[in-house]
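Observations on chain architecture
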Amino acid sequence: MDGWVFNLARLRAKTKTTKTVLREMQYTDDNATPGQTAEDLQWTAITYNTVYERFGMQVNTDKNKAHIQHPPGQIFPNINTTIKEHTLEEVDQFSYLGSILTSTLTCKKDVENRIRAAHSAYGRLSCRVFNNHALTMATKIMVFQAIVLSTLLYACETWTLYRSDIQRLECFQQYKMRQILKIPWESHTTNVAVLNQASVASVEATIIHHRLCWAGHVQRMEPFRLPKIMLYGELANGTRPRGAPKLRYKDQLKHTLALTNIDPSSWEQTARDRATWRRAVHQGTTAFEEKRKENEEAKRRRRRERQEEPRPPPTLPCELCPQLFHHRLGLSSHIRHKHPPRR
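Below, the structure is looked at part by part. (Residues numbered from 1 in each chain as written. Predicted model: local features only at pLDDT ≥ 70, side-chain atom pairs only at ≥ 80, totals over all residues. Heavy atoms only, no water.)

In terms of helices and strands, the chain carries 12 helices and 10 strands. Relative to the compact-globule value of 20 Å for 343 residues, the chain shows a C-alpha radius of gyration of 27 Å, a clear excess of over 25%. Among the 343 residues that make up the chain, the fraction classed as buried is 34%. Relative to all contacts within the chain whose residues are 6 or more apart in sequence, the contacts with residues 24 or more apart total 58%. Side chains of the chain carry 52 positive and 34 negative charges; the gap between the two charge centres is 5 Å. (Helix = DSSP H or I, 4+ residues; strand = E, 2+ residues; numbered from the N terminus. Rg over C-alpha atoms; globule rule 2.2 N^0.38 Å. Buried < 20%, exposed > 50% of the residue type's maximum accessible area, 1.4 Å probe, protein only. Contact = heavy atoms within 4.5 Å. Lys, Arg positive; Asp, Glu negative; His and termini not counted. Charge placed at Lys NZ, Arg CZ, Asp CG, Glu CD.)

Below, the structure is given as structure tokens:
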């Protein structure tokens, strides 16, 4: 942990590296127990059950589930893990501490679950807050940020998101903000204008802020803490596939540092001082949000200019009728629907 977090080549060294076997990720009365093999998981489950019984606690076998993480291109058979002669149900996903863990190694299911929870939180407050004419608009927006947006982005600092996931979160925020601000779709108000009217940051900027704050917090942890071990380490076994493998948290963190104008090679030294790191994160997130709004406005301006440009006349004729087309795609679609081949 004394090197650069993005330099994974140092983990292949023969010396000055350590290997840690994770046996439990326990939090209060919840426990996630990983195992390398079916026999290892069975032994761990029996051991925990024996220890719990010594302290007068019982394991709820109906709530316990078994989850298999298949390697790429391989499918394992059922492992049949038992506790007290009760075989645990094997599932493809399960919820642990509010987050959903799946076998696809993506946050898609977790994002869907957060959106459903945020919809539910907004619905419970609709009559009391958002549709209440006695409350000011500023109060409604503050409640939305404190409850609905916090529910939507719970544990977002640990997510590894793709562009499609961010777009779904942005759509939810825009949909609810337009309901609160009473902005109809006929007004053709842009997303940037909605955020400016509500004085609210975008979901992407909020996620970036939380991710950088969490990364700095983990970097300041003691070396024996599990989050820091997971951030600075990697799996001892297994290889990543060729081509375009799935994103890792380190890939997302490195891209986030570049977006906020923070040097990836020196961010660890900056994060050691909490005040300096918070200042750098705030400045970087603000600069990212301003640049994002400028890019959205520029994209919209270019699209409007293209629409206002005079369109050249069509030049591609149809051989079966006198109609003309601009592109071959339209010509082929016309022939397929208007002049289908006779059978």
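All right, on to the nonpolar core then. Counting 30 residues, the largest nonpolar core has F130, L153 and L169 as its most contacted members. Breaking this core down by element, the ones donating at least two residues are α2 (108–124), α3 (126–130), α4 (137–152), α5 (163–181), α6 (191–198) and α7 (203–219). What F130 contacts, discounting residues up to four positions off in sequence, is Y122, L125, K140, V143, F144, V148 and I180. By size, the runner-up hydrophobic cluster in this structure holds 19 residues, among which are L253, W267, A271 and F288. (Core = buried A, V, L, I, M, F, W, Y, C linked by side-chain atoms within 4.5 Å.)

What follows deals with the pairing of strand β8 (residues 99–102). As defined by bridge partners, strand β7 (residues 93–96) adjoins β8 across 4 bridges and the pair is classed as antiparallel. Directly across from Q93, in β8, lies its bridge partner T102. (Pairing = 2+ DSSP bridges.)

Bringing the packing of aromatic side chains into the picture now. Between two aromatic rings, the relevant description is the distance of the centres plus the angle of the planes. In this structure the tally under the stated criterion is 4 aromatic pairs. A ring pair is formed by W4 and F6, whose centres lie 5.7 Å apart and whose planes are at 85°; its orientation type is edge-to-face. Classification of W4 as partly exposed rests on a relative accessible area of 32%. When the ring of Y122 is compared with that of F130, the centres are 4.4 Å apart and the planes differ by 10°; the resulting orientation is stacked. Across this residue pair, the class does not change: Y122 and F130 are buried. (Phe/Tyr/Trp six-rings, centres within 6.5 Å; stacked < 30°, edge-to-face > 60°.)

For the rest of this paragraph, the subject is helix α9 (residues 249–259). For α9, the complete set of buried residues consists of Y249, K250, Q252, L253, T256 and L257. Taken end-on, α9 shows its buried residues confined to a sector of 160°, consistent with a single buried face. Considering only its buried residues, α9 is in contact with α7, α8 (226–232), α10 (267–271) and α11 (274–308). Positioned one or two residues after α9, N261 has a phi angle of 60°, which is positive. (Arc of directions from axis to C-beta.)

Right, let's get into a positive patch on the surface. Taken together, the side chains of K299, R301, R302, R303, R304 and R306 make up a positively charged region of the molecular surface. Within the element layout of this structure, R306 appears in helix α11. (Patch = residues over 30% accessible without salt bridge, like charges linked within 9 Å, V, L, I, M, F, W, Y side chains within 5 Å. Areas by Shrake-Rupley, 256 points an atom, 1.4 Å probe, with all protein chains shown as cover. Salt bridge = Lys/Arg side-chain N within 4 Å of Asp/Glu carboxyl O.)

There is a patch of nonpolar side chains on the surface, built from M25, L226 and M230 and spanning about 250 Å² of accessible area. Mapped onto the elements, M25 comes out in strand β1 (residues 25–27).

Now for the layout of surface pockets. Taken as a whole, the second largest pocket encloses approximately 920 Å³ of empty space. Counting residues per element, the ones that place at least two in the lining of the second largest pocket are α5, α6, α7, α9 and α11. With 10 residues, α11 is the single largest residue contributor to the lining of the second largest pocket. Per-class residue counts for the lining of the second largest pocket are 13 nonpolar, 10 polar and 12 charged. (1 Å grid on protein atoms, 1.4 Å probe; cavity = no way out; pocket = protein on both sides within 12 Å on 5 of 7 lines; lining within 4 Å. Points joined across faces, edges and corners; volume = space filled by probe spheres on them. Nonpolar A, V, L, I, M, F, W, Y, C, P; charged D, E, K, R; others polar.)

Let us look at the side chain of T160. In this fold, T160 is placed in the loop between α4 and α5. For T160, a relative accessible area of 13% gives the class buried. In this structure T160 touches C107, L247, R248, Y249 and Q252, once residues within four positions along its chain are discounted.

Turning our eyes to something else, we now look at unusual backbone geometry. At E85, a residue that is not glycine, the phi angle is positive and equals roughly 60°. Inspection of the secondary structure assignment puts E85 in the loop between β4 (82–83) and β5 (86–87). For K182, which is not glycine, the phi torsion reads 60° and is therefore positive. Tracing the backbone through its elements, the reader meets K182 in the loop between α5 and α6. In this structure K182 comes out as exposed when scored by relative accessible area, which is 52%.

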